[in-house]
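Understanding the architecture of this molecule
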Amino acid sequence: MKILLVGSGGREHVLAWKMKQSAKVKELYCAPGNGGISDVAECVDIQATDIPALLKFAKEKKIDLTVVGPEAPLTAGIVDEFEKHSLKIFGPSRAAAQLEGSKAFAKDFMHRFNIPTAVYKTFDDIKKAKEFLHNVPFPIVIKADGLAGGKGVFICQKFEEGIEALEQIMQQKVFKDSGNKVVIEECLIGEEASILVVSDGKDYVILESSQDHKRIFDDDQGPNTGGMGAYSPTPFITKDILGKIDARIVEPTIRGMHKEGHPFKGVLYVGLMITIDGPVVLEYNVRFGDPEAQAVLPRLKSDLVEILLASCERRLNTIRLIWDKRSCVSVVMCAGGYPGQFETGKEITGLEASNDKDIFVFHAGTKRQNSKFLTNGGRVLSVASLGDGIADAIEKVYKAVDKIKFYRCFFRRDIAAKAIRKATRRTVPMR
Ligand code: AMP
Ligand code: GLY
(Lines give C-alpha, C1' and ligand atoms only; values in the text may rest on other atoms or scores of the structure.)
(Ligands and ions follow the chains in the order given, each with its own letter.)
Protein backbone atom coordinates (compact mmCIF):
# COMPACT_ATOMS: atom_id res chain seq x y z
CA MET A 1 0.00 0.00 0.00
CA LYS A 2 0.93 3.61 -0.46
CA ILE A 3 0.18 5.79 2.55
CA LEU A 4 0.15 9.57 2.91
CA LEU A 5 0.43 10.91 6.46
CA VAL A 6 -0.51 14.56 7.02
CA GLY A 7 1.26 16.60 9.74
CA SER A 8 4.68 17.42 11.15
CA GLY A 9 4.85 16.85 14.92
CA GLY A 10 5.91 14.19 17.41
CA ARG A 11 2.51 12.57 17.00
CA GLU A 12 3.11 12.19 13.27
CA HIS A 13 6.59 10.74 13.91
CA VAL A 14 5.18 7.99 16.13
CA LEU A 15 2.37 7.36 13.61
CA ALA A 16 4.89 7.09 10.76
CA TRP A 17 7.21 4.84 12.79
CA LYS A 18 4.35 2.55 13.79
CA MET A 19 2.78 2.36 10.32
CA LYS A 20 6.18 1.61 8.78
CA GLN A 21 6.23 -1.62 10.83
CA SER A 22 3.18 -2.89 8.94
CA ALA A 23 3.83 -5.51 6.26
CA LYS A 24 1.06 -3.81 4.27
CA VAL A 25 3.06 -0.60 3.72
CA LYS A 26 5.23 -0.32 0.60
CA GLU A 27 5.55 3.46 0.36
CA LEU A 28 5.03 6.03 3.10
CA TYR A 29 4.86 9.77 2.45
CA CYS A 30 4.49 12.55 5.00
CA ALA A 31 3.35 16.11 4.27
CA PRO A 32 5.19 18.16 5.38
CA GLY A 33 6.93 15.89 7.97
CA ASN A 34 10.05 16.87 9.93
CA GLY A 35 13.72 15.92 10.34
CA GLY A 36 13.08 12.66 12.18
CA ILE A 37 10.14 11.60 10.04
CA SER A 38 12.45 11.72 7.01
CA ASP A 39 14.15 8.60 8.47
CA VAL A 40 10.96 6.54 8.02
CA ALA A 41 8.96 8.33 5.32
CA GLU A 42 9.51 10.45 2.23
CA CYS A 43 8.70 14.01 3.28
CA VAL A 44 6.70 16.06 0.79
CA ASP A 45 6.76 19.86 0.91
CA ILE A 46 3.01 20.47 1.28
CA GLN A 47 1.50 22.15 4.34
CA ALA A 48 -1.04 20.14 6.38
CA THR A 49 -3.79 22.68 5.67
CA ASP A 50 -3.25 22.90 1.90
CA ILE A 51 -6.10 20.53 1.05
CA PRO A 52 -6.09 21.09 -2.76
CA ALA A 53 -2.34 20.33 -2.96
CA LEU A 54 -2.71 17.24 -0.74
CA LEU A 55 -5.57 15.98 -2.90
CA LYS A 56 -3.57 16.51 -6.09
CA PHE A 57 -0.59 14.65 -4.60
CA ALA A 58 -2.77 11.73 -3.41
CA LYS A 59 -4.32 11.37 -6.86
CA GLU A 60 -1.01 11.60 -8.74
CA LYS A 61 0.72 9.08 -6.47
CA LYS A 62 -2.34 6.81 -6.33
CA ILE A 63 -2.29 6.87 -2.52
CA ASP A 64 -4.30 3.98 -1.01
CA LEU A 65 -4.82 5.53 2.44
CA THR A 66 -4.37 9.04 3.82
CA VAL A 67 -4.00 9.46 7.59
CA VAL A 68 -4.53 12.92 9.09
CA GLY A 69 -2.61 13.88 12.26
CA PRO A 70 -3.67 17.44 13.26
CA GLU A 71 -7.13 18.97 13.75
CA ALA A 72 -6.93 21.96 11.39
CA PRO A 73 -7.33 20.04 8.09
CA LEU A 74 -10.05 17.89 9.68
CA THR A 75 -12.20 20.82 10.78
CA ALA A 76 -11.57 22.39 7.36
CA GLY A 77 -13.12 19.32 5.67
CA ILE A 78 -10.18 17.34 4.23
CA VAL A 79 -12.06 14.06 4.73
CA ASP A 80 -15.16 15.22 2.83
CA GLU A 81 -12.96 16.49 0.00
CA PHE A 82 -10.95 13.24 -0.33
CA GLU A 83 -14.06 11.06 -0.11
CA LYS A 84 -15.76 13.14 -2.80
CA HIS A 85 -12.90 11.98 -5.04
CA SER A 86 -13.26 8.35 -3.85
CA LEU A 87 -9.97 8.45 -1.91
CA LYS A 88 -9.70 6.47 1.32
CA ILE A 89 -8.90 8.70 4.29
CA PHE A 90 -8.73 8.08 8.05
CA GLY A 91 -10.43 10.81 10.08
CA PRO A 92 -13.82 12.39 10.77
CA SER A 93 -15.89 14.43 8.32
CA ARG A 94 -16.07 18.18 8.75
CA ALA A 95 -19.45 17.82 10.48
CA ALA A 96 -18.14 15.22 12.94
CA ALA A 97 -14.96 17.24 13.54
CA GLN A 98 -17.13 19.95 15.11
CA LEU A 99 -16.73 17.98 18.33
CA GLU A 100 -13.31 19.67 18.50
CA GLY A 101 -13.92 22.61 16.15
CA SER A 102 -16.71 24.14 18.25
CA LYS A 103 -16.82 23.81 22.02
CA ALA A 104 -20.41 25.11 21.96
CA PHE A 105 -21.37 22.30 19.54
CA ALA A 106 -19.62 19.73 21.76
CA LYS A 107 -21.29 21.00 24.95
CA ASP A 108 -24.78 21.09 23.39
CA PHE A 109 -24.22 17.60 21.97
CA MET A 110 -23.21 16.24 25.41
CA HIS A 111 -26.24 17.91 26.93
CA ARG A 112 -28.57 16.28 24.38
CA PHE A 113 -27.15 12.82 25.11
CA ASN A 114 -26.77 13.21 28.84
CA ILE A 115 -22.99 12.80 28.72
CA PRO A 116 -21.34 14.04 31.94
CA THR A 117 -19.60 17.40 31.47
CA ALA A 118 -19.20 20.66 33.42
CA VAL A 119 -22.35 22.80 33.75
CA TYR A 120 -22.08 25.57 31.15
CA LYS A 121 -23.62 28.46 29.29
CA THR A 122 -22.75 29.76 25.82
CA PHE A 123 -22.59 33.47 24.81
CA ASP A 124 -22.06 35.36 21.57
CA ASP A 125 -22.63 38.75 23.21
CA ILE A 126 -19.85 40.07 25.46
CA LYS A 127 -22.24 42.28 27.44
CA LYS A 128 -24.42 39.33 28.39
CA ALA A 129 -21.36 37.20 29.14
CA LYS A 130 -20.02 39.89 31.50
CA GLU A 131 -23.37 40.21 33.25
CA PHE A 132 -23.44 36.45 33.76
CA LEU A 133 -20.10 36.61 35.58
CA HIS A 134 -21.74 38.67 38.36
CA ASN A 135 -23.79 35.67 39.39
CA VAL A 136 -21.35 32.75 39.28
CA PRO A 137 -19.05 31.28 41.91
CA PHE A 138 -15.29 31.51 41.22
CA PRO A 139 -13.04 29.91 40.03
CA ILE A 140 -14.77 29.64 36.65
CA VAL A 141 -13.57 28.45 33.25
CA ILE A 142 -13.95 30.53 30.08
CA LYS A 143 -13.28 28.93 26.69
CA ALA A 144 -13.09 30.36 23.18
CA ASP A 145 -15.53 28.38 21.04
CA GLY A 146 -13.26 27.55 18.08
CA LEU A 147 -9.74 26.17 17.59
CA ALA A 148 -7.11 28.14 19.51
CA GLY A 149 -4.04 25.89 19.39
CA GLY A 150 -4.63 24.71 22.96
CA LYS A 151 -4.52 28.31 24.32
CA GLY A 152 -8.22 29.15 24.34
CA VAL A 153 -9.04 28.06 27.90
CA PHE A 154 -8.86 30.49 30.83
CA ILE A 155 -9.19 29.28 34.42
CA CYS A 156 -10.30 32.46 36.18
CA GLN A 157 -9.79 32.65 39.94
CA LYS A 158 -11.71 35.90 40.36
CA PHE A 159 -14.21 38.21 38.67
CA GLU A 160 -11.58 40.61 37.21
CA GLU A 161 -9.75 37.70 35.52
CA GLY A 162 -13.04 36.59 33.98
CA ILE A 163 -13.69 40.05 32.54
CA GLU A 164 -10.12 40.18 31.21
CA ALA A 165 -10.53 36.75 29.53
CA LEU A 166 -13.81 37.80 27.89
CA GLU A 167 -12.23 41.00 26.57
CA GLN A 168 -9.24 39.13 25.15
CA ILE A 169 -11.39 36.50 23.46
CA MET A 170 -14.45 38.50 22.30
CA GLN A 171 -13.18 42.08 21.98
CA GLN A 172 -9.46 41.94 21.17
CA LYS A 173 -10.12 38.74 19.19
CA VAL A 174 -6.79 37.17 20.13
CA PHE A 175 -8.08 33.91 18.60
CA LYS A 176 -9.77 35.70 15.68
CA ASP A 177 -13.18 34.23 14.74
CA SER A 178 -12.64 31.34 17.18
CA GLY A 179 -13.67 33.90 19.79
CA ASN A 180 -17.04 34.85 18.26
CA LYS A 181 -18.63 32.70 20.96
CA VAL A 182 -17.49 31.63 24.41
CA VAL A 183 -18.42 28.78 26.70
CA ILE A 184 -18.42 29.64 30.42
CA GLU A 185 -18.38 26.56 32.62
CA GLU A 186 -17.92 25.34 36.17
CA CYS A 187 -14.37 24.55 37.28
CA LEU A 188 -13.98 20.82 37.88
CA ILE A 189 -11.68 19.29 40.47
CA GLY A 190 -9.95 15.96 40.06
CA GLU A 191 -7.25 14.19 38.09
CA GLU A 192 -7.02 14.69 34.32
CA ALA A 193 -6.61 11.71 31.98
CA SER A 194 -6.97 10.96 28.28
CA ILE A 195 -8.74 8.18 26.41
CA LEU A 196 -8.30 7.59 22.68
CA VAL A 197 -11.01 5.72 20.80
CA VAL A 198 -10.86 4.52 17.19
CA SER A 199 -14.32 4.35 15.64
CA ASP A 200 -15.77 3.49 12.25
CA GLY A 201 -18.95 5.45 12.94
CA LYS A 202 -20.77 2.58 14.61
CA ASP A 203 -18.29 0.25 16.32
CA TYR A 204 -15.23 1.33 18.21
CA VAL A 205 -12.14 0.16 20.10
CA ILE A 206 -10.74 1.95 23.15
CA LEU A 207 -6.96 2.30 23.30
CA GLU A 208 -4.97 2.04 26.54
CA SER A 209 -5.28 5.05 28.86
CA SER A 210 -2.76 7.86 29.26
CA GLN A 211 -2.13 11.08 31.16
CA ASP A 212 -0.68 14.27 29.68
CA HIS A 213 1.10 17.07 31.61
CA LYS A 214 -0.15 20.36 30.17
CA ARG A 215 1.62 22.93 32.36
CA ILE A 216 5.11 24.07 31.46
CA PHE A 217 6.83 23.55 34.85
CA ASP A 218 7.14 20.72 37.38
CA ASP A 219 4.27 20.23 39.83
CA ASP A 220 1.84 21.58 37.22
CA GLN A 221 3.02 25.19 37.57
CA GLY A 222 3.09 27.93 34.92
CA PRO A 223 1.15 28.39 31.68
CA ASN A 224 -0.52 25.67 29.65
CA THR A 225 1.36 24.18 26.70
CA GLY A 226 0.53 21.69 23.96
CA GLY A 227 1.71 18.99 26.41
CA MET A 228 5.06 18.41 28.15
CA GLY A 229 4.97 14.63 28.46
CA ALA A 230 2.65 11.68 28.89
CA TYR A 231 2.64 8.12 30.15
CA SER A 232 0.52 5.02 29.64
CA PRO A 233 -1.31 3.31 31.26
CA THR A 234 -2.47 5.66 34.01
CA PRO A 235 -3.53 4.26 37.40
CA PHE A 236 -6.16 7.02 37.57
CA ILE A 237 -8.24 5.05 35.07
CA THR A 238 -9.02 1.83 36.88
CA LYS A 239 -11.06 -0.98 35.33
CA ASP A 240 -14.12 0.34 37.14
CA ILE A 241 -13.62 3.91 35.88
CA LEU A 242 -12.96 2.66 32.35
CA GLY A 243 -16.30 0.83 32.46
CA LYS A 244 -17.98 4.13 33.40
CA ILE A 245 -16.11 6.04 30.69
CA ASP A 246 -17.29 3.51 28.12
CA ALA A 247 -20.92 3.33 29.28
CA ARG A 248 -21.50 6.99 30.15
CA ILE A 249 -19.28 8.73 27.60
CA VAL A 250 -17.82 6.74 24.69
CA GLU A 251 -20.85 4.62 23.77
CA PRO A 252 -23.35 7.53 23.88
CA THR A 253 -20.95 9.79 21.95
CA ILE A 254 -20.52 7.32 19.09
CA ARG A 255 -24.24 6.45 19.12
CA GLY A 256 -25.28 10.10 19.37
CA MET A 257 -23.11 11.25 16.46
CA HIS A 258 -24.48 8.39 14.37
CA LYS A 259 -28.04 9.22 15.34
CA GLU A 260 -27.60 12.88 14.44
CA GLY A 261 -26.30 12.03 11.00
CA HIS A 262 -22.59 12.72 11.59
CA PRO A 263 -21.14 9.25 12.21
CA PHE A 264 -17.71 9.63 13.83
CA LYS A 265 -15.00 7.84 11.85
CA GLY A 266 -11.42 8.36 13.05
CA VAL A 267 -9.85 8.90 16.47
CA LEU A 268 -11.95 10.42 19.18
CA TYR A 269 -9.81 11.81 21.99
CA VAL A 270 -11.74 12.26 25.20
CA GLY A 271 -10.08 14.63 27.68
CA LEU A 272 -11.42 13.71 31.11
CA MET A 273 -11.48 14.93 34.66
CA ILE A 274 -11.79 11.99 37.04
CA THR A 275 -13.87 13.59 39.80
CA ILE A 276 -15.30 12.13 42.99
CA ASP A 277 -18.56 11.70 41.05
CA GLY A 278 -16.81 9.75 38.31
CA PRO A 279 -15.38 10.66 34.88
CA VAL A 280 -16.48 13.98 33.34
CA VAL A 281 -15.62 15.21 29.82
CA LEU A 282 -13.39 18.32 29.68
CA GLU A 283 -13.09 18.31 25.91
CA TYR A 284 -13.24 16.21 22.79
CA ASN A 285 -10.51 16.22 20.18
CA VAL A 286 -10.91 14.51 16.84
CA ARG A 287 -7.37 13.16 16.42
CA PHE A 288 -4.60 11.41 18.33
CA GLY A 289 -3.30 13.41 21.30
CA ASP A 290 0.20 14.84 21.18
CA PRO A 291 2.15 13.72 23.30
CA GLU A 292 -0.35 10.99 24.31
CA ALA A 293 0.22 9.12 21.03
CA GLN A 294 3.97 8.93 21.78
CA ALA A 295 3.18 7.13 25.08
CA VAL A 296 0.34 4.89 23.86
CA LEU A 297 1.40 3.71 20.40
CA PRO A 298 4.81 2.22 21.42
CA ARG A 299 2.72 -0.17 23.58
CA LEU A 300 0.47 -1.26 20.71
CA LYS A 301 1.49 -4.66 19.36
CA SER A 302 -1.26 -4.88 16.74
CA ASP A 303 -0.79 -3.58 13.18
CA LEU A 304 -1.86 0.09 13.27
CA VAL A 305 -2.53 0.24 9.53
CA GLU A 306 -4.96 -2.66 9.85
CA ILE A 307 -6.85 -0.74 12.57
CA LEU A 308 -7.00 2.49 10.56
CA LEU A 309 -8.15 0.59 7.46
CA ALA A 310 -10.83 -1.21 9.48
CA SER A 311 -12.12 2.21 10.60
CA CYS A 312 -12.32 3.45 6.98
CA GLU A 313 -13.95 0.18 5.82
CA ARG A 314 -16.43 0.08 8.71
CA ARG A 315 -15.33 -3.28 10.08
CA LEU A 316 -13.86 -2.36 13.46
CA ASN A 317 -16.04 -5.04 15.06
CA THR A 318 -13.52 -7.58 13.67
CA ILE A 319 -10.53 -5.93 15.39
CA ARG A 320 -8.99 -6.98 18.72
CA LEU A 321 -6.08 -4.92 20.03
CA ILE A 322 -2.99 -6.52 21.50
CA TRP A 323 -0.92 -4.50 23.97
CA ASP A 324 2.57 -4.65 25.42
CA LYS A 325 1.98 -5.00 29.18
CA ARG A 326 4.93 -2.73 29.91
CA SER A 327 4.52 0.98 30.69
CA CYS A 328 5.63 3.84 28.47
CA VAL A 329 6.75 7.31 29.55
CA SER A 330 7.34 10.08 27.03
CA VAL A 331 9.11 13.36 27.88
CA VAL A 332 8.91 16.44 25.65
CA MET A 333 12.17 18.39 25.24
CA CYS A 334 11.60 22.07 24.44
CA ALA A 335 13.52 25.07 23.19
CA GLY A 336 14.10 27.81 25.83
CA GLY A 337 11.30 30.40 25.71
CA TYR A 338 8.50 27.98 24.71
CA PRO A 339 5.47 28.40 24.90
CA GLY A 340 6.47 32.02 24.14
CA GLN A 341 9.31 33.13 21.83
CA PHE A 342 12.16 30.68 21.13
CA GLU A 343 15.07 30.34 18.73
CA THR A 344 15.43 27.67 16.04
CA GLY A 345 18.25 26.26 13.91
CA LYS A 346 20.33 24.96 16.84
CA GLU A 347 22.18 21.64 16.51
CA ILE A 348 20.88 18.66 18.49
CA THR A 349 23.50 16.22 19.84
CA GLY A 350 23.28 12.92 21.72
CA LEU A 351 20.57 11.45 19.52
CA GLU A 352 22.36 8.10 19.58
CA ALA A 353 20.47 7.70 22.90
CA SER A 354 17.87 6.06 20.68
CA ASN A 355 20.16 3.08 20.00
CA ASP A 356 18.57 1.23 22.93
CA LYS A 357 15.65 -0.93 21.71
CA ASP A 358 13.31 0.36 24.41
CA ILE A 359 14.03 4.07 23.77
CA PHE A 360 12.31 6.00 21.00
CA VAL A 361 13.31 9.53 20.05
CA PHE A 362 10.33 11.02 18.23
CA HIS A 363 11.02 14.35 16.54
CA ALA A 364 8.53 17.21 16.81
CA GLY A 365 10.17 20.51 15.79
CA THR A 366 13.33 19.43 13.97
CA LYS A 367 14.81 19.65 10.52
CA ARG A 368 17.57 17.68 8.88
CA GLN A 369 20.71 19.39 7.58
CA ASN A 370 22.94 16.81 5.86
CA SER A 371 23.72 14.32 8.63
CA LYS A 372 22.75 16.70 11.47
CA PHE A 373 19.42 17.56 13.06
CA LEU A 374 18.57 21.16 13.96
CA THR A 375 15.82 22.54 16.21
CA ASN A 376 12.87 23.89 14.26
CA GLY A 377 10.07 24.47 16.80
CA GLY A 378 9.16 24.99 20.46
CA ARG A 379 8.51 21.35 21.25
CA VAL A 380 11.63 19.79 19.72
CA LEU A 381 11.67 16.11 20.68
CA SER A 382 9.48 13.61 22.43
CA VAL A 383 11.65 10.93 24.01
CA ALA A 384 9.80 7.77 25.06
CA SER A 385 10.80 4.60 26.89
CA LEU A 386 9.17 1.29 27.62
CA GLY A 387 9.83 -0.14 31.07
CA ASP A 388 8.70 -2.85 33.43
CA GLY A 389 6.31 -0.59 35.28
CA ILE A 390 6.20 3.19 35.42
CA ALA A 391 9.22 3.62 37.73
CA ASP A 392 11.48 1.65 35.38
CA ALA A 393 10.19 3.57 32.34
CA ILE A 394 10.81 6.89 34.12
CA GLU A 395 14.38 5.94 35.01
CA LYS A 396 15.18 4.81 31.46
CA VAL A 397 13.59 7.78 29.71
CA TYR A 398 15.42 10.39 31.82
CA LYS A 399 18.74 8.58 31.28
CA ALA A 400 18.18 9.01 27.53
CA VAL A 401 16.92 12.61 27.86
CA ASP A 402 20.04 13.56 29.86
CA LYS A 403 22.26 12.49 26.95
CA ILE A 404 20.51 14.75 24.42
CA LYS A 405 21.60 18.38 24.22
CA PHE A 406 20.69 21.53 22.33
CA TYR A 407 20.82 25.27 23.01
CA ARG A 408 18.58 26.28 25.98
CA CYS A 409 16.93 22.86 26.06
CA PHE A 410 14.50 22.25 28.92
CA PHE A 411 11.94 19.65 29.96
CA ARG A 412 9.87 18.63 32.96
CA ARG A 413 11.58 16.35 35.46
CA ASP A 414 8.36 14.95 36.92
CA ILE A 415 6.58 13.26 34.03
CA ALA A 416 4.58 10.29 35.41
CA ALA A 417 5.58 11.10 39.01
CA LYS A 418 1.87 11.33 39.87
CA ALA A 419 1.44 7.69 38.91
CA ILE A 420 4.14 6.71 41.40
CA ARG A 421 2.63 8.89 44.14
CA LYS A 422 -0.76 7.27 43.52
CA ALA A 423 0.77 3.78 43.74
CA THR A 424 2.58 4.71 46.97
CA ARG A 425 -0.58 6.11 48.54
CA ARG A 426 -2.37 2.87 47.85
CA THR A 427 0.14 0.84 49.84
CA VAL A 428 -0.31 2.96 53.01
CA PRO A 429 -2.30 0.87 55.50
CA MET A 430 -5.79 2.29 56.15
CA ARG A 431 -5.42 2.73 59.91
P1 AMP B 1 -9.33 21.95 26.97
O2 AMP B 1 -8.62 22.55 25.80
O3 AMP B 1 -10.81 22.17 26.98
O4 AMP B 1 -8.90 20.56 27.30
O5 AMP B 1 -8.77 22.73 28.23
C6 AMP B 1 -7.38 22.85 28.48
C7 AMP B 1 -7.12 22.58 29.92
O8 AMP B 1 -7.88 23.46 30.74
C9 AMP B 1 -7.56 21.19 30.37
O10 AMP B 1 -6.58 20.24 30.08
C11 AMP B 1 -7.74 21.43 31.85
O12 AMP B 1 -6.50 21.43 32.50
C13 AMP B 1 -8.30 22.80 31.90
N14 AMP B 1 -9.79 22.79 31.94
C15 AMP B 1 -10.63 22.81 30.88
N16 AMP B 1 -11.92 22.79 31.29
C17 AMP B 1 -11.89 22.74 32.64
C18 AMP B 1 -12.89 22.71 33.67
N19 AMP B 1 -14.19 22.75 33.38
N20 AMP B 1 -12.49 22.64 34.94
C21 AMP B 1 -11.18 22.62 35.26
N22 AMP B 1 -10.18 22.66 34.35
C23 AMP B 1 -10.52 22.73 33.06
N1 GLY C 1 -2.14 16.61 24.55
C2 GLY C 1 -3.25 17.42 24.30
C3 GLY C 1 -3.74 17.41 22.92
O4 GLY C 1 -3.28 16.68 22.08
O5 GLY C 1 -4.66 18.17 22.64
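Here's what I pulled together on the structure shown here.

Parameters and conventions
Residues numbered from 1 in each chain as written. Chains lettered and ligands numbered in written order. Predicted model: local features only at pLDDT ≥ 70, side-chain atom pairs only at ≥ 80, totals over all residues. Heavy atoms only, no water. Helix = DSSP H or I, 4+ residues; strand = E, 2+ residues; numbered from the N terminus. Rg over C-alpha atoms; globule rule 2.2 N^0.38 Å. Buried < 20%, exposed > 50% of the residue type's maximum accessible area, 1.4 Å probe, protein only. Contact = heavy atoms within 4.5 Å. Areas by Shrake-Rupley, 256 points an atom, 1.4 Å probe, with all protein chains shown as cover. Near = heavy atom within 4 Å. Polar contact = N/O pair within 3.5 Å; in protein donor to acceptor, adjacent residues only side chain to side chain. Nonpolar A, V, L, I, M, F, W, Y, C, P; charged D, E, K, R; others polar. Pairing = 2+ DSSP bridges. Axes fitted to C-alpha atoms, helices over the stretch in contact; angles between N-to-C directions. Arc of directions from axis to C-beta. Core = buried A, V, L, I, M, F, W, Y, C linked by side-chain atoms within 4.5 Å. Phe/Tyr/Trp six-rings, centres within 6.5 Å; stacked < 30°, edge-to-face > 60°. Lys NZ or Arg CZ within 6 Å of the ring centre and 35° of its normal.

A closer look at the overall build of the protein chain
A tally of helices and strands in the protein chain yields 13 helices and 23 strands. Scaling as 2.2 N^0.38, a compact globule of 431 residues should have a C-alpha radius of gyration of about 22 Å, and the protein chain matches this with 21 Å. With respect to the principal axes defined by its C-alpha atoms, the protein chain has extents near 60 × 55 × 45 Å. With 431 residues in all, the protein chain has 57% of them scored as buried. Counting contacts in the protein chain only where the partners sit at least 6 residues apart, residues at least 24 apart contribute 68% of the total. Looking at the protein chain as shown, the accessible area adds up to about 18800 Å², and 50% of this sits on carbon and sulfur atoms.

Brief notes about the site of ligand 2
Around ligand 2, the structure places D212, K214, G226, Y269, N285, R287, G289, D290, P291 and E292. Between G226 and ligand 2, the recorded distance is 3.5 Å, taken from a backbone N or O atom to a nitrogen atom. Calculation on ligand 2 without its partners gives an accessible area of 200 Å², and the protein chains cover 89% of this total. A per-class count over the shell around ligand 2 returns two nonpolar, three polar and five charged.

Digging into the sheet that holds strand β9 (residues 182-186)
Here we have four strands laid out as an open sheet, ordered β6-β9-β7-β8, and antiparallel in their pairing. Pairing within the sheet leaves two strands with one partner each, and these edge strands are β6 (120-123) and β8 (153-156). Averaged over all pairs of adjacent strands, the angle between their axes in this sheet comes to 20°, without regard to strand direction. With four bridges joining them, β6 and β9 adopt antiparallel strand pairing.

Some thoughts on the site of ligand 1
As a matter of local geometry, ligand 1 sits amid 16 residues, with E185, E186, L188, E192 and E283 nearest to it. E186 is positioned such that a nitrogen or oxygen atom in its backbone is 3.0 Å from a nitrogen atom of ligand 1. With the chains in place, 92% of the 470 Å² that ligand 1 exposes on its own is no longer accessible. Elements with a minimum of two residues in the shell around ligand 1: β7 (140-144), β8, β9 and β17 (278-285).

Re helix α2 (residues 51-60)
Residues that lie three or four places apart on an α-helix share one face, since the helix turns once every 3.6 residues. The set of residues buried in α2 consists of I51, L54, L55, F57 and A58. In a view along the axis of α2, the buried residues occupy a sector of 165°, so they form one face of it. Of the exposed residues in α2, those oriented more than 90 degrees away from the buried face are P52, K56 and E60. Each element contacted by the buried residues of α2 is listed here: β1 (2-7), β2 (27-32), β4 (65-68), α3 (71-75) and α4 (78-84).

Side note on unusual backbone geometry
For the bond running from S232 to P233, omega is -5°, close enough to zero to count as cis. Here the residue pair Y338 and P339 is connected by a cis peptide bond, since its omega of 10° sits within 30 degrees of zero. For P339, the position within the fold is in the loop between β18 (327-335) and β19 (359-363). We note that D219 has phi near 60°; this positive angle belongs to a residue other than glycine. Mapped onto the secondary structure, D219 falls in the loop between β13 (215-217) and β14 (221-224). Although it is not a glycine, R314 adopts a positive phi angle of roughly 55°. Along the chain, R314 falls in the loop between α11 (304-312) and β18. With relative accessibility at 53%, the residue R314 sits in the exposed group.

So, the nonpolar core
Membership of the largest hydrophobic core comes to 47 residues, with the highest contact counts inside it found for I78, L99 and Y284. Counting residues per element, this core draws most heavily on helix α9 (residues 239-259), which supplies six residues. Look past the residues within four positions of I78 in its chain and what remains in contact with it is I51, L54, V68, P73 and I89. Judged by nonpolar contacts, the second largest core, of 42 residues, contains L5, L28, V296 and L386.

Focus: the packing of aromatic side chains
Under the definition given, this model contains eight aromatic pairs. An angle of 40° between the planes, with centres 6.2 Å apart, marks the rings of Y398 and F411 as tilted. Taken together, the positions of Y398 in helix α12 (residues 390-401) and F411 in the loop between β23 (409-410) and α13 (417-427) put the pair 13 residues apart, joining distant regions of the chain. Put simply, the rings of W17, F360 and F362 touch in pairs and so form one group of aromatic residues. Across the ring face of Y269, the terminal group of R287 is positioned such that the distance to the ring centre comes to 5.8 Å. A cation over an aromatic ring shows up here: K346 above the ring of Y407, its NZ or CZ 4.9 Å from the ring centre.

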